Amino acid sequence: MDCLDGASGTFNSFRKDDFETDWIKVSEGRRGHSVYRVKLKLWREQCALKLIDPSLSPHSVHRKLDEASQMSEVKFKYLVTIYGLYSEPAALVMEYMCKGSLDNLLDTHMLMWAKKFQMIHEVTMAMNYLHSMRPALLHLNLKTSNVLVDDHLHVKVSDYGLIDWEQCLDHKKLMEHLLARGNISYIPPETCSQCPEPPGTMFDVYSFAIVMWEILTQQKPHPGCSVTTVLVQVSQGKRPSIDMLPEDKPPECDQMVGIMQRCWDKDPRGRPPFSDTVKKTEVLNEVLRMPGAVPSSPSSQKPHSPAVPELPVIPPGHQSNKEGGILSLLSQKDFECFRQSLKREHASASFPDDNTLLHYTVESGDAESVRHVLSLGAEVNRPSSKGYTPLIIAVLHRRHDIAALLLQRGASVTQGDGDQWTALHFAAQSGDDRSVRLLLDGGAVADAKESAGWTPLHLACQNGHETAARVLLSRLPVGAEGAREEAQGRTALHVACVYGHDSLAKLLLARGADRDAADRGLSTPLHLAAEGGRNAVVRRLVKSGAEVGGADARGCTPLHLAALNGHTGICRQLLSNGAAPDPRTPQGWTPVHLATLRGHGDTVLQLENQGGSVDARGPSGWTPLHLACHRGQEGAVAKLLAANADPNVAEDGGGWTPLQLACSAACFPSVLALLSRGANVNAANRQKATPLHLAALCGCAPVVKALLLNGADGRLRNSSGCTALSVAQSHGRIEVAALLLKECSA
């Protein structure tokens, strides 16, 4: 193909014979940009082959390919690699990302918060790399469909720099190109103005903010709005709604939203560069990777139960017919007239939701009427539309005599509803030990599992019904109490510990339940009790000899979980019974770090009193004091300093001290506490920024005053050559600038 001549240079140029014959189309993009999954014979590697718009002129195709050859020299972990060119027809050969685009993934997968934060940080890393090139490489086409996902749900940015192939000096034509690619939601407001300036790095920053919103909400921005409506709303300052964030968002999400809102500022000058944003997303990503940062505690889950069976209610629409008259007598409790009026056809009649006359009669509670309906040939095991048999209705209403009658007439004790809940499951859940005995005597399977794998014993233990549990255990063979529900692999002891039922834990342990059994998340009963703050149960388990130092699938010991949730008394128990004071998660966090993360100052002191280190260094050298200052946990800062935490230790990544982080967070009480403990007021990080530079940047006048009163040097310059005064002036911090000017003139 002629248009390839001179475009490839040292760039790989592939021919049809270089690939296996089985091409698989994986997407159909706009403007003919179809993508195929192909396999290179020589490399034995799967690649993506992205076709160039076939409607373009040979000259335009040549320009595209020439630009692509330059892009192939850009190599970075979070950018999709371009391997070369294909000529038949013109196409790019690129790295294959098996999960496709982030746009599709957000539609089809429910992502955990830690994964969302990871993806945001990885996009930031990619964009920071592009913008750090000299000259900066603009993307101008950043959107979720150009963020690709691998099989481990890590993301890489694609199509970077390629918009330049068709970029014109005319803003109108640039807008046409962008709109043709479906980019309406990602276009910043200044692009719609008459500003003659070409797009710069802040264009990408705005687009990134919209990508952030999509990742956090897993929704589409501006749904149902026309192009004109979106352009008008964006130019007027309207942005996608923050209210669409899920309610279960972690506390760290507020900081991520703050970053997003700065990135979509109407004024490009108010948007932060990626060199700043990447540091903040890195910290948030690391924090959310800590165990417990995302609400996933089993103790916070709702009790396991099916939909409550709908009781058979007499349908008003039937009042005028014969069946309606029969039901009316039943609802009025006129049982004698009801029995006298019954005919055989009534017993087989069907009512709404497939309820039968027997369902209604059982619910009424009159055993003699039930006996009469059965004598007329009613089906004793006929279920309603949701699977509820007359026996289940009798058990739910504790109609013991009627349940016994139904069993005598052949009611099935093993027949379940739509979720495979048998009558025994319902009896155990409600703690009706009399029905439990009756059903077991009638042949019910004591360890029957419903659709999620829960046995009646699991349900009795969940709801604290000790008597029902004792009856069930008396009918189970030794060892059967260790049966596991399928979804999470938990035993009855796990369940009792999650919900804090100490008497049941005692009963199960006496029965021989495995105190160290691990569920699918490798959590033992002690992990669950410690995480949920079940003091009595923790005491019971520790006394029985439970392992206090084992790690779950997240790498957390019971002490980590107790510290994270501020259960000070449990921390004391665990440490007094041999738990190591400074175990580390796979990321390197200690219990003191995790207690600090949530601001549990008293827990921090308890851990320190029993051997925990307040100066332990976690990932990137962060101490608990770094965490507390970064998150504005002023109470934890005070407790750590009272325990003699070092106020001048610098973390490894950027050389930040706790005081610098407190100033950046504008946490005035923490700044005062640190200064009173001898924090270096002029310490400089790797960018030579001092606490005063950082306080000036965030515009916190009280912090600036405190620093100046404690000897802060306003003459010091950061790596960009700026003093604190010039930082304040360049960012419009008027009050702070006035303070610093006064200091300079003094």
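Preceding block: the structure.
The rules behind the values
- Residues numbered from 1 in each chain as written.
- Predicted model: local features only at pLDDT ≥ 70, side-chain atom pairs only at ≥ 80, totals over all residues.
- Heavy atoms only, no water.
- Buried < 20%, exposed > 50% of the residue type's maximum accessible area, 1.4 Å probe, protein only.
- Helix = DSSP H or I, 4+ residues; strand = E, 2+ residues; numbered from the N terminus.
- Contact = heavy atoms within 4.5 Å.
- Phe/Tyr/Trp six-rings, centres within 6.5 Å; stacked < 30°, edge-to-face > 60°.
- Axes fitted to C-alpha atoms, helices over the stretch in contact; angles between N-to-C directions.
- Parallel < 35°, antiparallel > 145°, perpendicular 65-115°, else oblique.
- Nonpolar A, V, L, I, M, F, W, Y, C, P; charged D, E, K, R; others polar.

Asker: Pulling in residues and values, what's your account of helix 22 (residues 525-532)?
Answerer: An α-helical segment advances 3.6 residues per turn. Residues three or four places apart therefore align on the same side. Across the eight residues that make up helix 22, a large majority, seven, are buried. When we look at burial in helix 22, the residues that qualify are Pro-525, Leu-526, His-527, Leu-528, Ala-529, Ala-530 and Glu-531. The secondary structure elements touched by the buried residues of helix 22 are helix 20 (492-498), helix 23 (535-543), helix 24 (558-564) and helix 25 (568-576). In the segment just after helix 22, Gly-533 is the residue with positive phi, at about 75 degrees.

Asker: Break down the packing of aromatic side chains for me, with residues and values.
Answerer: Applying the stated criterion across every chain yields a total of 10 aromatic pairs. Their ring planes at 45 degrees and their centres at 5.8 Å tell us that Phe-14 and Phe-19 sit as a pair that is tilted. With respect to burial, Phe-14 and Phe-19 carry one shared label: buried. With a centroid separation of 5.3 Å and 70 degrees between ring planes, the pair formed by Phe-208 and Phe-274 is classed as edge-to-face. In this pair, Phe-208 is assigned in helix 5 (residues 201-217) and Phe-274 in helix 8 (residues 274-288), connecting sequence segments 66 residues apart. The pair formed by Phe-208 and Phe-274 is uniform in burial state, with each residue classed as buried.

Asker: Describe in detail the packing of helix 15 (residues 400-408) against helix 17 (residues 433-441), supporting the description with residues and values.
Answerer: Interhelical geometry of helix 15 versus helix 17 gives an angle of 10 degrees and a closest axis separation of 11 Å. With respect to helix 17, the axis of helix 15 lies roughly parallel. Here His-400, Ala-403, Ala-404 and Leu-407 of helix 15 come into contact with helix 17, specifically with Arg-434, Ser-435 and Leu-438. Among the residues making up the contact of helix 15 with helix 17, the classes are represented as four nonpolar, two polar and one charged.

Asker: An account of the environment of Ala-645 is requested, with residue identities and associated values reported.
Answerer: Mapped onto the elements, Ala-645 comes out in the loop between helix 29 (634-642) and helix 30 (658-664). Overall, the relative accessible area of 5% leaves Ala-645 in the buried class. Between the C-alpha atoms of Ala-645 and Asp-615, which are 30 residues apart in sequence, the distance is 5.8 Å. Those residues in contact with Ala-645, other than ones at most four positions away along the chain, are Val-614, Asp-615, Leu-625 and Leu-640.

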